[in-house]
Amino acid sequence: MRVRCTVNGEERVADDVWAGESLLYVLRERLGLPGSKNACEQGECGSCTVYLDGVPVCACLVAAGQVEGRTVVTVEGLADGDLLHPVQQAFLDAGAVQCGFCTPGLVVAVHDLLQRHPRPSDPDVREALAGNLCRCTGYEKILEAVRLAALRAGGDR
Ligand code: FES
Ligand code: FES
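Remember, it's a predicted structure, so these values are computed and weren't measured experimentally.

Criteria and thresholds
- Residues numbered from 1 in each chain as written.
- Chains lettered and ligands numbered in written order.
- Predicted model: local features only at pLDDT ≥ 70, side-chain atom pairs only at ≥ 80, totals over all residues.
- Helix = DSSP H or I, 4+ residues; strand = E, 2+ residues; numbered from the N terminus.
- Rg over C-alpha atoms; globule rule 2.2 N^0.38 Å.
- Buried ≥ 20, exposed ≤ 12 C-beta atoms within 10 Å, placed from the backbone.
- Contact = placed C-beta atoms within 7 Å.
- Expected span 1.5 Å × (residues − 1).
- Pairing = 2+ DSSP bridges.
- Axes fitted to C-alpha atoms, helices over the stretch in contact; angles between N-to-C directions.
- Parallel < 35°, antiparallel > 145°, perpendicular 65-115°, else oblique.
- Left-handed = near helix turned anticlockwise from the far one by under 90°.
- Nonpolar A, V, L, I, M, F, W, Y, C, P; charged D, E, K, R; others polar.
- Domains from an automatic or database assignment.
- Arc of directions from axis to C-beta.

Undergrad: Would you mind going over the overall build of the chain in detail, with residue names and values included?
TA: The number of helices and strands found in the chain is six helices and five strands. Secondary structure of the chain in N-to-C order comes out as β-β-α-β-β-β-α-α-α-α-α. Relative to the globule expectation of 15 Å for 157 residues, the C-alpha radius of gyration of the chain, 15 Å, shows essentially globular dimensions. Projecting the C-alpha coordinates of the chain onto the three principal axes gives extents of approximately 50 × 30 × 25 Å. Residues counted as buried form 40% of the 157 residues belonging to the chain. Of the contacts made within the chain by residues no fewer than 6 positions apart, 63% connect residues no fewer than 24 positions apart.

Encoded structure:
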């Protein structure tokens, strides 16, 4: 089947999509957007988190056919050309990226959190990111990155 949707502000078309194919597969393998990572493909790790019509979802759990006519924003779409989004920059500056596999999903989840809650407490952050697993950092650097991004956005606490 053919799937048409808007991805990172552009109309995109994927052809020959099979019925069981995931949005994650379409993004990575058909549309050339490998930022969203495939770590578990079971909705357990959050590394594939993207926005679907403004709501964060695990792209590995969304059937490609469900995306027809809808709007997707991936981690690539948060940057402004070569200029990283402040959340992306905060992850780099805080040293919250090690292997990087969890990072794209975390960046989208943190972006969503700070839009809804510009001054989150550490427990708020932990709760919001509970679906995003990281095997490398022990999470402390991730918390630092969120604090830094919030601070730079003016959400001092
Ligand atoms: S790859 Fe989608 S949740 Fe892990
Ligand atoms: S940096 Fe490796 S899984 Fe998070």
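Undergrad: Lay out helix H4 (residues 103-116) with the relevant residues and their values.
TA: The first and last C-alpha atoms of H4 sit 20 Å apart over 14 residues, in line with the 20 Å expected at 1.5 Å per residue. Most of H4 sits inside the fold, with 11 of its 14 residues counted as buried. Listed in full, the buried residues belonging to H4 are Thr 103, Pro 104, Gly 105, Leu 106, Val 107, Val 108, Ala 109, Val 110, His 111, Leu 113 and Leu 114. Buried residues in H4 make contact with strand S3 (49-52), strand S4 (55-58), helix H2 (75-78), helix H3 (86-93), helix H5 (122-128) and helix H6 (140-152).

Undergrad: For the pairing of S3, give the residues involved together with the corresponding values.
TA: Direction of pairing for S3 relative to S4: antiparallel, over a ladder of four bridges. Following the sheet pairing, Tyr 51 is matched in S4 by Pro 56. Sheet topology places S3 next to strand S5 (residues 71-73); two bridges connect them, and they run antiparallel. Bridge pairing in S5 places Tyr 51 opposite Val 73.

Undergrad: Before we move on, could you go through the packing of H4 against H6 and cite the residues and values that matter?
TA: Running from N to C, H4 and H6 point in directions that differ by 40°, and their axes come no closer than 11 Å. As summarised for this structure, H4 and H6 are arranged oblique, according to the angle between their axes. Note on packing geometry: the crossing formed by H4 with H6 is right-handed. Along the contact surface, H4 presents Leu 106, Val 110 and Leu 114, while H6 presents Ile 142, Val 146, Ala 149 and Ala 150. Taken together, the residues that form the contact of H4 with H6 break down as seven nonpolar, no polar and no charged.

Undergrad: A description of the domain arrangement of the chain should follow, citing residues and the corresponding values.
TA: Looking at the chain, the domain boundaries give domain 1 (3-76) and domain 2 (86-152). Computed from C-alpha atoms alone, the centre-to-centre distance between domain 1 and domain 2 is 21 Å. Opposite the 13 residues of domain 1 that make contact, domain 2 presents 11 residues. Among the elements that make up the side of domain 1 that touches domain 2, the one with the highest residue count is S3 (three residues).

Undergrad: Before we move on, could you go through H3 and cite the residues and values that matter?
TA: Among the residues of H3, Val 87, Gln 88, Ala 90 and Phe 91 are the ones counted as buried. With its buried residues spanning 160° around the axis, H3 presents them on a single face. Against the buried residues of H3 lie H2, H4 and H6. At the exit of H3 stands Gly 95, carrying a positive phi of roughly 70°.

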